[in-house]
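Fold and geometry: a report
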Amino acid sequence: MKTQNIGINKIVYVIIAIIVIIAVVTGAYYYVSTAKKPITKPTVITPTTNVTTTVTKCPLPSNTSVIVSIENEPPNSVDPATGFYAGEDEIMINVYQGLITFNVISPGVTQFVPIIASSWWVAPNYTTYIFYIRHGVYFANGDPVNATTFWFSIYRVILMNQVDASFFTNILYNGTEASIIGYAIPWGVCHAIAYATNNPSFITNKTLCAYGLANILSNFNVHNETIEKVMSYPNQAVIVLGPYALEFKLIQPYMFFLQDLAEYPASAVDPVFVDQNGGVVPNQQNTYMNTHTMGTGPYQVVQWVPGQMVVLQTNSNYWAAKLPPNETNPMLTPPKIKTVILEYTSSADQVIEMLDSGKAQLMGPLTLPALPPLYLPSLGQNPCLRVVIEPPSAPTWLFLMITLDTEKYPLNITAVRVALVHAINYTEIIDTVAPSVGELYVGPISPEMPFYNPSNLPPYNYDPALSIQILKSLGFKLTLPNGTVINPNGQPLSLTLTYVSDDPAQVKIAQEVQIMLSQIGVQLTLNPVTTQQEEYLISQSCTAPTYPEMLIWYWYPSWPDSIYQDLVVQTNAMYSGIAGDVSCFNNTIVNQLTDVLPSITNETLMTQYVAQVYNITYQQAPDIWLYAIKQYWVQSCYVNGVYWNPGVLGYYFALMYYNTTACS
């Protein structure tokens, strides 16, 4: 699960990586071809005025070769093995490329277009995936790309064992074994090295194997006979079948693997560039690669002021610019705008000023919490701006909830949690903090994603009388606003709600929830914290005294796998705490179902199991599901070619261009 500080913080993850390495693993999805579907247009909030005679002349961009996007999430790393935040995703999708990617022109997450792969084949049992690599692909420095590049790149991500290794846990390496031996090692590669070197010690000594693989990756010579034998060994996670053919052999069936490969950790990274700048060390970041890029994509990072600005410039040696028309697709389009400047701020006032003045041509699309939805109507009044909301049919993917610590009294009582979910006026919260972009939903899967709410359970209804009745039956002392005291000899029900104080939406929600719970006689103390404090608190044991009783929490998955990345990680006790199950929900039946759900390939059976998990979590209420958030952004009226896709976090700048007559 990712955030703009949503989810697993990179620094925290390094601390807990070995313990919680299995936190982001397998799931299941159906394979969909690249056939195009009709495009649903997004909603545009148009300015409304009472005077029709006034004509506003919008200032032209001062330089149409430059575009400025004002955003909230500055990067910490631009290495596909290490970067994890949403803002880092945006940079890497423009700089690095993988075998395939999502088509941003479509809002869905089931269509893929070939990038460095020319074609691919998926085994009927979803355990084998074969890709054929294009000829003539090269990095910005001219270094060639072939099948060995991806063997190197994928194994590098796994062996470094940073947060992005989790994209391949229990898919290409055994997460349980990694937590025991202390190394993330692609399955089968120890046998491959033993075979190539005629040394069986690589099989039994995992430290020797890990450092043996690191030595291969740090001195990567594809013409070395030993390395050739290792890469072509047939029983391992990734196999080089030939210079332009690559095979993935999965630990277990996984129908979502194409979604996984479409994300940036599966990108091609230049082995020569890496080896010239620090190489590969097990369980360690490469500090040089954290701040320097060498990709095959349309842009490269040319300037970086930490916390303030990143500048991308077109790759003047972009391989895809030379493709014939019959071999290209929208995601290989050479960029039209030469320079992209990403400026970062957490100030809503600065975001608005940059947009209103024309200093920035774009906002977002991942600008929470700097600019929550309540600012959109005023921005929509500017005739030189367009406020855009993703189409209704698009997956929302991002939602906001209040997690309830089910491990500690009194929230370990199911009836207490049920009383709380019925004490919240969800419609009022949406109208207050998320007008036009918030929608009611039933978790834990994101609305519009496959397998969402298969039993069509209704969202929890607002029924404070029911809440009072439940708490009264439990014997709690409730002092209502009108002075009525229920169970005067009982124990008062007092709770604490933790939230991030620099998010205006969370501040407002916390205040509203405090009032709503007071209506049923519950005393709620508000506990504002920083994002860093929040991540520390939920990295503790669920029973720790300072683990949040109630926490306002944003969620969206690392890649669009609605089974594993939404449902399993949020409901299986194996992932309690910061790994995903922040409510520390622990139900035996749910654990059993979600243990097997990721590797199921029968959609009917999968739907049945998902429905069971849904019904149990709905009845036991480990979370208060506030609302799902339709993605939104703001753009200058002169900017065209802006798309958003939930699989491509952020903007894909290569498709953007200026239309200097659009505002007239």
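Residues numbered from 1 in each chain as written. Predicted model: local features only at pLDDT ≥ 70, side-chain atom pairs only at ≥ 80, totals over all residues. Heavy atoms only, no water.

1. Thoughts on the sheet that holds strand S16 (residues 476–479)
Read from one edge to the other, the open sheet built from 3 strands follows the order S17-S16-S18, with strand pairing classed as mixed. The sheet is open, and its two edges are formed by strand S17 (485–486) and strand S18 (491–492), each paired on a single side. Two strands pair when backbone bridges link them, and S16 and S18 are joined in this way by 2 bridges, in the parallel orientation. Each residue of the ladder has a partner; that of Phe 476, found in S18, is Gln 491. (Pairing = 2+ DSSP bridges. Helix = DSSP H or I, 4+ residues; strand = E, 2+ residues; numbered from the N terminus.)

2. Considering the confidence of the model for the protein chain
Per-chain confidence: the protein chain averages 89 in pLDDT, with 91% of residues scoring 70 or above. Within the model, the stretch residues 46–55 combines pLDDT values under 50 with 5 contacts to residues more than four positions away or in other chains. (pLDDT = per-residue confidence, 0-100. Contact = heavy atoms within 4.5 Å.)

3. Details of the state of the cysteines
Per the counting criterion, the structure on display carries 4 disulfides. Across a sulfur-sulfur distance of 2.1 Å, Cys 190 and Cys 209 are joined as a disulfide pair. Between Cys 190 and Cys 209, the S-S torsion sits near -100°, and that sign places the bridge as left-handed. Note that Cys 190 is positioned in helix H5 (residues 189–197) and Cys 209 in helix H7 (residues 206–218), a separation of 19 residues in sequence. Assigned by exposure class, Cys 190 and Cys 209 land together as buried. In this model Cys 637 forms its disulfide with Cys 663; the gap between the sulfur atoms is 1.7 Å. Classification of the bridge connecting Cys 637 and Cys 663 rests on its S-S torsion, roughly 115°, and on that basis the disulfide is right-handed. (Disulfide = S-S within 2.5 Å. Buried < 20%, exposed > 50% of the residue type's maximum accessible area, 1.4 Å probe, protein only.)

4. Focus on the nonpolar core
Judged by nonpolar contacts, the single largest core of 234 residues is most densely connected at Trp 151, Leu 172, Phe 248 and Tyr 627. Residue contributions to this core peak at 10 residues, all from helix H3 (residues 147–160). Leave out the neighbours within four places in its chain, and Trp 151 touches Val 189, Leu 213, Ile 216, Leu 217, Phe 220, Val 230, Met 231, Gln 236, Val 238, Ile 239, Val 240 and Leu 246. (Core = buried A, V, L, I, M, F, W, Y, C linked by side-chain atoms within 4.5 Å.)

5. Regarding helix H12 (residues 348–357)
Residues of H12 that are buried include every one of Ala 348, Val 351, Ile 352, Met 354 and Leu 355, and no others. Buried positions in H12, seen along its axis, are confined to an arc of 160° and lie on one side of it. Tucked into the core, H12 has its buried residues touching strand S2 (66–71), strand S11 (339–344), strand S12 (362–363), helix H13 (376–379), strand S13 (385–389) and strand S23 (632–636). Capping of H12 at its N-terminal end is provided by Ser 347; its side-chain oxygen lies 3.4 Å from the backbone amide nitrogen of Asp 349. Immediately beyond the C-terminal end of H12, within one or two residues, lies Gly 358, with a positive phi of roughly 80°. (Arc of directions from axis to C-beta. Polar contact = N/O pair within 3.5 Å; in protein donor to acceptor, adjacent residues only side chain to side chain.)

6. Regarding the side chain of Ser 583
Within the element layout of this structure, Ser 583 appears in the loop between helix H19 (562–571) and helix H20 (588–596). On the basis of relative accessible area, Ser 583 is assigned to the buried category, the value being 1%. Ignoring sequence-local partners within four residues, the contact set of Ser 583 consists of Thr 403, Leu 404, Asp 405, Thr 406, Pro 622 and Asp 623.

7. Digging into the packing of aromatic side chains
Per the stated rule, a full pass over the model turns up 22 aromatic pairs. Pairwise contacts between aromatic rings join Trp 120, Tyr 129, Phe 131, Phe 248 and Phe 257 into one cluster. (Phe/Tyr/Trp six-rings, centres within 6.5 Å; stacked < 30°, edge-to-face > 60°.)

8. Description of the pattern of salt bridges
The tally for this structure, following the rule as stated, stands at 5 salt bridges. Note that Lys 408 and Asp 405 form a salt bridge whose closest N and O atoms lie 3.7 Å from each other. Of the two residues, Lys 408 and Asp 405, neither departs from the other in class, the shared state being buried. Taking the shortest distance from any N to any O, the salt bridge between Lys 630 and Glu 439 comes out at 3.7 Å. Of the two residues, Lys 630 sits in the loop between strand S22 (623–629) and S23 while Glu 439 sits in strand S15 (residues 438–439), which places them 191 residues apart along the sequence. (Salt bridge = Lys/Arg side-chain N within 4 Å of Asp/Glu carboxyl O.)

9. Quick look at unusual backbone geometry
When glycine is set aside, most residues are seen to have a negative phi, and most peptide bonds are trans. Residue Pro 410 is bonded to the preceding Tyr 409 through a cis peptide linkage, with omega at 5°. Looking at the secondary structure, you find Pro 410 in the loop between strand S14 (398–404) and helix H14 (414–421). Here the residue pair Gly 443 and Pro 444 is connected by a cis peptide bond, since its omega of 15° sits within 30 degrees of zero. Here Pro 444 is to be found in the loop between S15 and helix H16 (464–473). Of note in this structure, Asn 161 is not a glycine but carries a positive phi near 60°. Relative to the elements of secondary structure, Asn 161 occurs in the loop between H3 and helix H4 (175–181). Of note, Asn 453 is a non-glycine position whose phi angle comes to about 45°, a positive value. Here Asn 453 is to be found in the loop between S15 and H16.

10. Comments concerning the sheet that holds strand S21 (residues 550–555)
Strand order in the open sheet formed by 6 strands is S15-S22-S14-S21-S19-S20, and the pairing between neighbours is mixed. Since the sheet does not close on itself, it has two edges, and those belong to S15 and strand S20 (523–529), each with one partner. The pairing of strand S19 (residues 494–500) with S20 spans 7 bridges and is classified as parallel. By the bridge assignment for S20, Val 500 is matched with Val 529. Along the sheet, H19 contacts S14 and S21; its crossing angle with S21, the most-contacted strand, is approximately 160°. (Axes fitted to C-alpha atoms, helices over the stretch in contact; angles between N-to-C directions.)

11. Quick notes on the pairing of strand S7 (residues 238–242)
Along S7, 4 of the 5 residues are buried, which leaves the element largely enclosed by surrounding structure. Examined bridge by bridge, S7 and strand S8 (residues 245–249) share 4 bridges and lie antiparallel to one another. From the neighbouring strand, Gly 242 faces S8, where its bridge partner is Ala 245. Between the antiparallel neighbours S7 and S8 lie 2 residues.

12. Regarding the pairing of S16
The side-chain alternation of S16 yields one buried face, formed by Phe 476 and Leu 478, and one unburied face, formed by Lys 477 and Thr 479. Note: S16 against S17, 2 bridges, orientation antiparallel. In the sheet register, Thr 479 faces S17, and the bridge partner there is Val 485. As consecutive antiparallel partners, S16 and S17 are separated by 5 residues, and within that stretch Gly 483 has a phi angle of approximately 95°, a positive value.

13. Structural notes on the packing of H5 against helix H8 (residues 225–232)
Put simply, H5 and H8 touch, their axes get as near as 8 Å, and they point 145° apart. Like other packed secondary-structure pairs, H5 and H8 cross with a definite hand, here right-handed. Together, Val 189, Ala 192, Ile 193, Tyr 195, Ala 196 and Thr 197 of H5 and Thr 226, Lys 229 and Val 230 of H8 make up the contact between the two elements. The residue inventory of the contact of H5 with H8, partitioned by class, reads 6 nonpolar, 2 polar and 1 charged. (Left-handed = near helix turned anticlockwise from the far one by under 90°. Nonpolar A, V, L, I, M, F, W, Y, C, P; charged D, E, K, R; others polar.)

14. Some thoughts on the environment of Lys 322
Along the polypeptide, Lys 322 turns up in the loop between strand S10 (309–314) and S11. The exposed category is assigned to Lys 322, whose relative accessible area is 63%. Considering only alpha carbons, one finds Lys 322 and Tyr 547, 225 residues apart in sequence, at a separation of 55 Å. Setting aside anything within four residues of it in sequence, one finds Lys 322 in contact with Tyr 138 and Asn 317.

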